[in-house]
2 protein chains.
Amino acid sequence: MTKKHNIILQPSGSRGQVEEGISIRSAARDLGVEIESICAENATCGKCMVLIEEGRFEKYNMDSRRENVSPVTNEEAAYFARRPKLLKDKGWEVGQVRLSCQCKIQGDVLINVPEESSGNKQIVRKSASNRAIEIKPSIRKYLVTMSPPNLERPIADWERLAKGLETSMGLVRRGEENLPRWSDFTVDYQCLRTLSSTLREAKWNVTVSVWQDKEVVQVQAGYHEDSYGTAVDIGSTTVALYLCNLRTGEMLAAESEMNPQIVYGEDVMSRIQYTIEHKDGLEKLHKAIIATLNKLLKQAVKTANMSLRAHFAKQSPDEEGEVASGKSAPRNDMKVEDILEMVLVGNSTMHHLLLNLHPKDLGLAPFVPAIHKSVDVKARELGLHINSAGNIHVLPTIASFVGADTSAMIVAEEPHKQDENWLLIDVGTNAELVLGNRKRLVCTSTPTGPALEGAHVEYGMRAAPGAMERIEINENTLEPRYKVIGVDGWNTDHVEFVGKVKGICGSAIIDGVAELFRAGIVDSRGKFNTKLSSKRIRKGESGWEYVIAWAEETSIGRDIPMTQQDVRQIQLAKAALFTAARTLLKRSGLESPDKIILAGGFGSYIDKEKAMLIGLIPDCVLDNVYAVGNAAGDGARIALLNVEKRREIESVARKVERFELPTDPEFQNQFMLATSFPHMSEPFPHIAHLIPNRVADPMAKNFMVK
Amino acid sequence: MTKKHNIILQPSGSRGQVEEGISIRSAARDLGVEIESICAENATCGKCMVLIEEGRFEKYNMDSRRENVSPVTNEEAAYFARRPKLLKDKGWEVGQVRLSCQCKIQGDVLINVPEESSGNKQIVRKSASNRAIEIKPSIRKYLVTMSPPNLERPIADWERLAKGLETSMGLVRRGEENLPRWSDFTVDYQCLRTLSSTLREAKWNVTVSVWQDKEVVQVQAGYHEDSYGTAVDIGSTTVALYLCNLRTGEMLAAESEMNPQIVYGEDVMSRIQYTIEHKDGLEKLHKAIIATLNKLLKQAVKTANMSLRAHFAKQSPDEEGEVASGKSAPRNDMKVEDILEMVLVGNSTMHHLLLNLHPKDLGLAPFVPAIHKSVDVKARELGLHINSAGNIHVLPTIASFVGADTSAMIVAEEPHKQDENWLLIDVGTNAELVLGNRKRLVCTSTPTGPALEGAHVEYGMRAAPGAMERIEINENTLEPRYKVIGVDGWNTDHVEFVGKVKGICGSAIIDGVAELFRAGIVDSRGKFNTKLSSKRIRKGESGWEYVIAWAEETSIGRDIPMTQQDVRQIQLAKAALFTAARTLLKRSGLESPDKIILAGGFGSYIDKEKAMLIGLIPDCVLDNVYAVGNAAGDGARIALLNVEKRREIESVARKVERFELPTDPEFQNQFMLATSFPHMSEPFPHIAHLIPNRVADPMAKNFMVK
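Since this is a predicted model, take the numbers as computed values, not measurements. (Residues numbered from 1 in each chain as written. Chains lettered and ligands numbered in written order. Predicted model: local features only at pLDDT ≥ 70, side-chain atom pairs only at ≥ 80, totals over all residues.)

1. Notes on the overall build of chain A
Then comes step 1: A count of helices and strands for chain A gives 17 helices and 33 strands.
Then comes step 2: If one aligns the C-alpha atoms of chain A with their principal axes, the spans along those axes are about 95 × 70 × 55 Å.
Then comes step 3: Every one of the 706 residues in chain A was classed for burial, and the buried ones make up 48%.
Then comes step 4: Across chain A, the fraction of contacts at a sequence separation of at least 24, relative to all contacts at a separation of at least 6, is 66%. (Helix = DSSP H or I, 4+ residues; strand = E, 2+ residues; numbered from the N terminus. Buried ≥ 20, exposed ≤ 12 C-beta atoms within 10 Å, placed from the backbone. Contact = placed C-beta atoms within 7 Å.)

2. Examining unusual backbone geometry
Residues and elements named next belong to chain A.
Then comes step 1: The peptide bond linking Ala 365 to Pro 366 adopts the cis configuration, its omega dihedral lying at 0°.
Then comes step 2: Within the fold, Pro 366 resides in the loop between α8 (348-354) and β18 (375-378).
Then comes step 3: Here the phi dihedral of Asp 213 falls at roughly 60°; this positive angle occurs in a residue that is not glycine.
Then comes step 4: Looking at where Asp 213 falls in the secondary structure, it is placed in the loop between β12 (205-211) and β13 (215-221).
Then comes step 5: If you check the backbone angles, Leu 478 has positive phi at about 60° while not being a glycine.
Then comes step 6: Within the secondary structure, Leu 478 sits in the loop between β23 (467-473) and β24 (480-484).

3. Side note on the relation of the copies chain B and chain A
Then comes step 1: Mapping chain B onto chain A calls for a screw motion: a turn of 180° about the axis and a shift of 0.0 Å along it, with 0.1 Å RMSD after fitting. Taken together, the rotation and translation describe the operation of a two-fold axis. Every residue of chain B has its C-alpha some distance from the rotation axis, and the shortest such distance is that of Glu381(B), at 4.7 Å.
Then comes step 2: Taken as a fraction of all interface residues of chain B, those also at the interface in chain A reach 100%, which identifies the copy contact as same-surface. (Least-squares fit on C-alpha atoms with pLDDT ≥ 70 in both.)

4. Quick word on the interface of chain B and chain A
Then comes step 1: Contacts between chain B and chain A engage 35 residues on the former and 35 residues on the latter.
Then comes step 2: Secondary structure elements with two or more residues in the side of chain B that touches chain A: α4 (157-173), α5 (189-193) and α6 (195-201) of chain B.
Then comes step 3: Split by residue class, the side of chain B that touches chain A holds 18 nonpolar, nine polar and eight charged. (Nonpolar A, V, L, I, M, F, W, Y, C, P; charged D, E, K, R; others polar.)

5. Observations concerning the sheet that holds strand β7 (residues 109-112) of chain B
Backbone-to-backbone hydrogen bonds pair the strands of a sheet. The strands run either parallel or antiparallel.
Residues and elements named next belong to chain B.
Then comes step 1: The five strands are arranged β2-β1-β7-β3-β6 in an open sheet whose pairing can be described as mixed. Here the strands that pair on one side only, and so sit at the sheet edges, are β2 (14-19) and β6 (97-99). Strand-to-strand twist across the sheet, computed as the mean angle between neighbouring axes with direction ignored, equals 35°.
Then comes step 2: Bridge analysis of strand β3 (residues 49-53) against β7 gives three bridges, and the strand direction is antiparallel. Bridge pairing links Ile 52 to Ile 111 in β7. (Pairing = 2+ DSSP bridges. Axes fitted to C-alpha atoms, helices over the stretch in contact; angles between N-to-C directions.)

6. Let's talk about helix α12 (residues 506-518) of chain B
Residues lying three or four places apart along an α-helix face the same way, a consequence of the helix completing one turn every 3.6 residues.
Then comes step 1: An ideal rise of 1.5 Å per residue puts 18 Å on 13 residues; α12(B) measures up with 18 Å between its terminal C-alpha atoms.
Then comes step 2: With respect to burial, α12(B) is a largely interior element, 13 of its 13 residues being buried. (Expected span 1.5 Å × (residues − 1).)

7. Structural notes on the domain arrangement of chain A
Residue and element names in this part refer to chain A.
Then comes step 1: When cut into domains, chain A gives domain 1 (4-117), domain 2 (138-221), domain 3 (228-394), domain 4 (413-450 + 570-705) and domain 5 (455-562).
Then comes step 2: With six residues of domain 1 at the interface, the matching set in domain 2 holds eight residues.
Then comes step 3: Classifying every residue of the side of domain 1 that touches domain 2 gives three nonpolar, one polar and two charged. (Domains from an automatic or database assignment.)

8. Considerations on the packing of helix α13 (residues 564-587) of chain B against helix α18 (residues 667-674) of chain B
Residue and element names in this part refer to chain B.
Then comes step 1: For the pair α13 and α18, interaxial distance at closest approach is 8 Å and the crossing angle is 125°. Judged by the angle between their axes, α13 and α18 are oblique. Here α13 and α18 pass one another in a crossing that is right-handed. Contact residues: α13 offers Ala 575, Ala 576, Phe 578, Thr 579 and Arg 582, while α18 offers Phe 667, Gln 670, Phe 671 and Ala 674.
Then comes step 2: In terms of residue class, the contact of α13 with α18 is built from six nonpolar, two polar and one charged. (Parallel < 35°, antiparallel > 145°, perpendicular 65-115°, else oblique. Left-handed = near helix turned anticlockwise from the far one by under 90°.)

9. Some points on the sheet that holds strand β17 (residues 339-346) of chain B
All names here are of chain B.
Then comes step 1: The strand order across the open sheet built from six strands is β16-β15-β14-β17-β19-β18, with neighbouring strands paired in mixed fashion. Every interior strand has two partners, whereas the edge strands, β16 (251-258) and β18 (375-378), have only one. Averaged over all adjacent pairs, the angle separating strand axes in this sheet is 20°, with direction ignored.
Then comes step 2: Pairing between strand β14 (residues 228-234) and strand β15 (residues 238-245): seven bridges, direction antiparallel. Bridging from a neighbouring strand, Gly 229 pairs with Cys 244 of β15.

10. With respect to the nonpolar core
Then comes step 1: In this structure, Ala408(A), Leu433(A) and Leu433(B) are the most contacted members of the largest nonpolar core, which totals 336 residues.
Then comes step 2: Residues within four places of Leu433(B) in sequence aside, it is in contact with Leu423(B), Leu424(B), Ile425(B), Cys443(B), Thr444(B), Ala580(B), Ala581(B) and Leu584(B). (Core = buried A, V, L, I, M, F, W, Y, C linked by C-beta atoms within 7 Å.)

11. Details of the pairing of strand β7 (residues 109-112) of chain A
It is a general feature of regular strands that their side chains alternate between the two faces of the sheet.
Then comes step 1: Pairing of strand β1 (residues 4-10) of chain A with β7(A), which is carried by four bridges, proceeds in the parallel orientation. Counterpart to Gln10(A) in the pairing with β7(A) is Asn112(A).

Pasting the structure below:
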């Protein structure tokens, strides 16, 4: 029987007995600790470095010695000789630091696996749950070294590569899962076209990029460790693209642009209309988004190269004797062709326009999308300028107006893994809502109108310098104060505010309506109390209004009021949102959600308390209301970096129950009730303290004037 | 327990007990008899018609009655009411003829399954073995009828179709194999693009074409039963395309054209050279073959439509009340878009040029192809004008110069399924040889030069009117006679021959050399016997020669001789071929093959006896030498019609052992010996009787002059 030895791996603390003579890397895997490697254990990549800790470890009753592992091999010595700066910077000496693929167990030993060698890489998502996300990209790279063909063995190039790849994959990922045999691999046709010349240029030493463990999509001469991918969130207004390193998860660039389709229609319905009315409408809208994505790709690569160059310039002079200067083009500049995958999300209309699918049936009852299932399509089919063999993955759509962006939100927040019932709301001109937990998820969508984004409000504007972003009204004096984007503090704090303000952005509109209600200026039905004595409450051109800023305070030379019409707009929007949430809660047999998660830019800027005060969101403990920013973009990034999440959302998206509001018999009735502040039939205990002039009357289930 | 009844199916004679109440179609399947259906058992396609035979069948001790099956349903009655002509032509009455998907077992019954209803369709290949080939195409069609979406169930178009397809597939092919679930289906991206509009135009009643049981590649409005595919053999000289009905196996058109690449080089080496010497060489050669294939596709569809129209004009006036005339465009004209698959074969160079893979490494030692494995690629990637979602399947290559045409030859002849050892030879400017049986196959290739095709022979020409195709020489008078293409009988038979002949084609060159040898005009080393007294044997411009036709017999006004140089050319060609065959036999431990199969046009035209006499092929019982014509084209057609044959050849091609002749240490020596007639070291008992002037000397293993 083979002798066994105790080994301990830090920092994980994994321990166990392993057979004498196996490599540290194999031993670690047997104990559940993955150590990186990309060179097929050839002692060339250095990814698998570990430290042999010497000493007596009483806790484990172990004497760990460098002599308890095999001596440094010539290959290891050669590797470390090429890395003097690394050793100096880290303060490591050869013998202490070892390549775990070469170093074999000969006795008890305590091994330290540095973070950079750990194969279980993670990124942390900052959200309602600060979850760690494991990096499991769809693209993996393997170094493949082949013997050149000769007359005795003139096997074809592809078969030679596939056999070499089988060996490298097996060596690098042994035991991890059922890896394919060489004859199961496929090769992208465009990649095959250049295979023969690349193999010969590379002298039969190449890095092979494999998609989903089966398809070879790139073959590069020599050794390359990093793969790149992009995640994209196509919003109706803004397109955001994130360029990531698929090995480390690091984000190398984040770029955004206006959605160019906006010139064909501001909202999705008008864009659908454009494709119906114009024969070349779809083609124009499709080409516009593709062009913008290609522009963003270029920008992102430029941004990434700037930081890569800086990194290279810092590292290189000492490493491998390379001379690098900022002027000469560094050899490791990345190109768009090095991007091997792209994951995209967007609402159903953006999804269709991206994929060049006609959206007309999304615009006509019963509003049916072409496909729910996720779509994988080659970049060249869409004319996207990543590597032409690269894959474009579009997340699944869930219902007519619950699109791939909602799928991405679910990926980011994982309501399907919770015991609590979470309510996810992505607010825009259309709102998508998902409610539930690990047992059941329900979803719906509702148009909220543009009011929540500051449009169709008399002095509404986008969140930009000069826009009011916060409003407060003193309930005794009925005097307001406000904050403006680009200036610190309240307008009442300093005189510099004079002449700065020019409109009201989305978050301040919620504030303003909430404060009008809280101060008693409008009643729970949204009607102005015309009996209050304040010169700010007046009859304007379009009815009653409340002046927040006098003309002299503004840059536009006109009074900026909130009008009866503005209040009505918000009432309609919040009624739609609230009714949708209520319907989902009712269908789930729930009184209220355990947690509310607000996704999207809007969710990040509004005052949660005020939103609850006007009944925009259901009553909930305020601490359990989270604004998580661009959850769709985060979800796209997670799906890019972890291929298992794609399989997960594919199955979750298929199971989410869809409620179409108009088919709910109580919808109209509920909607009417929901226009009131907060809601005619709901108790709002968590915000009752905000309303000094009123009390919550549990009997009437509503707020009454004192 | 359910009651059971005896049923007998004719003409197969299958019999057994089945449960009461199941349909005849299901019962037949349980007894191993497949009955066609394409309408998902909706009584609309009529493919599953069977006859209920009435009477007392003593042999089976059975009383078969129409009352022993369920009554004719309204749907059946409606179907037959639309087919009066069919019933009249066949002499069937309703009740006797039934739709087996509707008609249920209620007692003992004898059922006749007409050929047209049989689901196990076959075509017969005429070759060395008159085998039946089952039709199992990669494309299957299913009628899918869906309920339209509404607000209660607005599921996406693709998912609606996939669920309907799952149902139709299950109904149509129940029990046949593990069919995929709806969520496993994929859809070609270009097919997805038009899905929504097709479904609505078709009022949710479509025919879905599925590739390899998983990918939807075409969705057509309404009911369509036929799918089309093409098989192509790309020869260096000629491109042959066969358009087939994938359901019936019927060949609808066979078209051929010169390979347009011929202008860039007559043989493969000169075409490879062209791609090396010209930067745009590969592009030119690739585009040339693609353009020719597209031209052939168009021609084939035109040919097919002419016969389809004729068929339609004959059938339609009585059927379904349709009025059809030869003038109005009949609604069932097929289009190139209806062709859903294309299977191609060709030698390694043709394979590379078709796929736009650079062939330069095929032209330089060690002569390595880019890929052996079969290639599946979308038609649109290659610019081939079948349906853009259609698949292009290129058969595997086996070795450097043993290409996809040899794979196709193996598919057609199936040496890998024999107990006997077969030797397959495809002769062209290059010859490929495969030897073996079910246990082991070995292969090699050898350049034979252009002599065997009539080129580089002084008066050589292609097989065209005016070419000598047969030559005989009287061994006593040394006078010749010959046959000419386009004229009946021998030249000595009538005077009309005068002035017709203008050259010698490949088959006559073999004849001529064999007869020169048989008559003793050249010796076994190929040298002219200058001592013979005949005015036809003379010293010409380039050495000794034998005049076959005097100037006055020809249309060119010059004597047509066979020269020493011509004999040498044939000696070199036959030596190469013979050495290759000998090497394979030796490596396999065999003395001689049990059967010799000559593929290619050359094999069909030569005189087997004469070929053996000069040692072009090894000695073998003459009856066991078969000429099978274009086996590569046949193999391509079989692979098109039966997808299992593709999997089979993929695995066989991987196992064939490859011998590269130049690496054989004895090659040069063997080759020198093999230049003699028939062969210096071989006994040729089977052709000894042909040589009256000589005897076979078993001791010397050669022929001696008497």
